[in-house]
Amino acid sequence: MGRKVIIAGNWKMNKTGAEGRALVEALLKEVASFDPAEVDIVVCPPFTTLAEVRPVIAGTKVKLGAQNVHWEDHGAFTGEISAAMLKEAGVEYVIIGHSERRQYFGETDETVNRRLQAALKAGLKPIVCIGELLEEREGGRTEEVLRKQIRGGFAGLDAATMAGVVIAYEPVWAIGTGRTATPQIAEETQAFIRAEVAALFGADCAEKVRIQYGGSMKAANARELVAQKDIDGGLIGGAALEASGFAKLISEALAK
Ligand code: PGA
């Protein structure tokens, strides 16, 4: 089987160009010994920092990602960036539907789906975020919420395409709060997500699709989380903003 671990750093609205360059310069030294056959390492800087980070990591084992993409090729969409623009900027991965986009910028399953289709068409590798709010978990609605996000977000994809999509399960109550989901809760939920993918796209696709955990993942808990059967890596916010801590997290994830 062997799904390859994928660890992605979501820098959110942090790091100017100069700061971003310094971070990846330090990171490259820290990850020198990691085997790229064992792990995909991705950094997702803000749009304006992409150009600064790109030449530093070009040809290395650290890959470039963006944090959002629009569904249209071009046009009157103030503040948005197209997939072609990201491709030209050297971007390989793109985060879609992060809970902060859903919460603060009106992202819906429908817009997630449109962004996903555009990213795929351009040859970008999508990391699609799903996850429930605290009140949804406490109200026993986690599975219902995730099922809706999966059905809406991944609508219209064929199984072969879906197999290449990375899903990031990020319980919203665990993001930036220091409150990580226990490995048991994360595993139970991610097994449910994989079963939903199997129901929609078949068992073979579900076996292949990589599901990251996200939400206060750090070096201290990465090993136990990634050791779970259905956790194939992490989408990391706060702990990706400092090189040695991020590298330690990756080494812990690989030590599972
Ligand atoms: P966090 O963020 O690691 O700071 O909780 C994760 C994310 O939002 O992608």
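Details of the structure are given in the entry above.
All of these numbers come straight from a predicted model, not from anything done at the bench.

Examining the environment of W71
Looking at where W71 falls in the secondary structure, it is placed in the loop between β3 (62–66) and α3 (83–88). Along the sequence, W71 and R114 sit 43 residues apart, while their C-alpha atoms lie 5.5 Å from each other. Look past the residues within four positions of W71 in its chain and what remains in contact with it is T111, R114, R115 and A118.

Side note on the pattern of salt bridges
Pairing of side chains with opposite charge becomes possible as their charged atoms draw close. Summed over the entire model, instances satisfying the criterion amount to 21 salt bridges. For R3, the salt bridge identified is with E207, shortest N-O distance 3.5 Å. Of this pair, R3 sits in the segment before β1 (5–10) while E207 sits in helix α10 (residues 203–208), and the two are 204 residues apart along the sequence. Residue classification places R3 among the buried positions, given a relative accessible area of 13%. Between R115 and E80 there is a salt bridge, with the nearest N and O atoms lying 3.1 Å from each other. Of the two residues, R115 sits in helix α5 (residues 109–121) while E80 sits in the loop between β3 and α3, which places them 35 residues apart along the sequence. Since its relative accessible area comes to 5%, R115 is described here as buried. Note on E80: relative accessible area 26%, which makes it partly exposed.

Some details on the nonpolar core
Core analysis: the largest hydrophobic core is formed by 65 residues, its most contacted members being I7, V43, F154, M162, I167, Y213 and F246. Counting residues per element, this core draws most heavily on helix α12 (residues 243–254), at six residues. Beyond its immediate stretch of four places on either side in the chain, V43 contacts G9, W11, V24, L27, V53, I57, V62, K63, L64, G65 and F246. Ranked by size, the runner-up nonpolar core spans 11 residues in total, among them V42, C44, Y93 and L235.

What counts, and at which threshold
Residue positions are counted from 1 within each chain, in the order its sequence is given. With pLDDT at 70 or above as the cut-off, local features in this predicted model cover only qualifying residues; side-chain atom pairs require 80 or more to be listed or tallied, and sums for whole chains, interfaces and linings still use all residues. Values reported for side chains reflect all heavy atoms of the structure, with hydrogen atoms and water molecules removed beforehand. A helix here means a DSSP run of H or I that spans at least four residues, while a strand means a run of E at least two residues long, and both kinds are numbered starting from the N terminus. Throughout, a residue-residue contact means that at least one pair of heavy atoms, one from each residue, lies within 4.5 Å. Basic side-chain nitrogens of Lys or Arg form a salt bridge, by our definition, when they fall within 4 Å of a carboxyl oxygen of Asp or Glu. Exposure classes here rest on a 1.4 Å probe applied to the protein chains alone. A residue is buried below 20% of its type maximum, exposed above 50%, and partly exposed in between. By nonpolar core is meant a set of buried Ala, Val, Leu, Ile, Met, Phe, Trp, Tyr and Cys residues that side-chain atoms within 4.5 Å join together.

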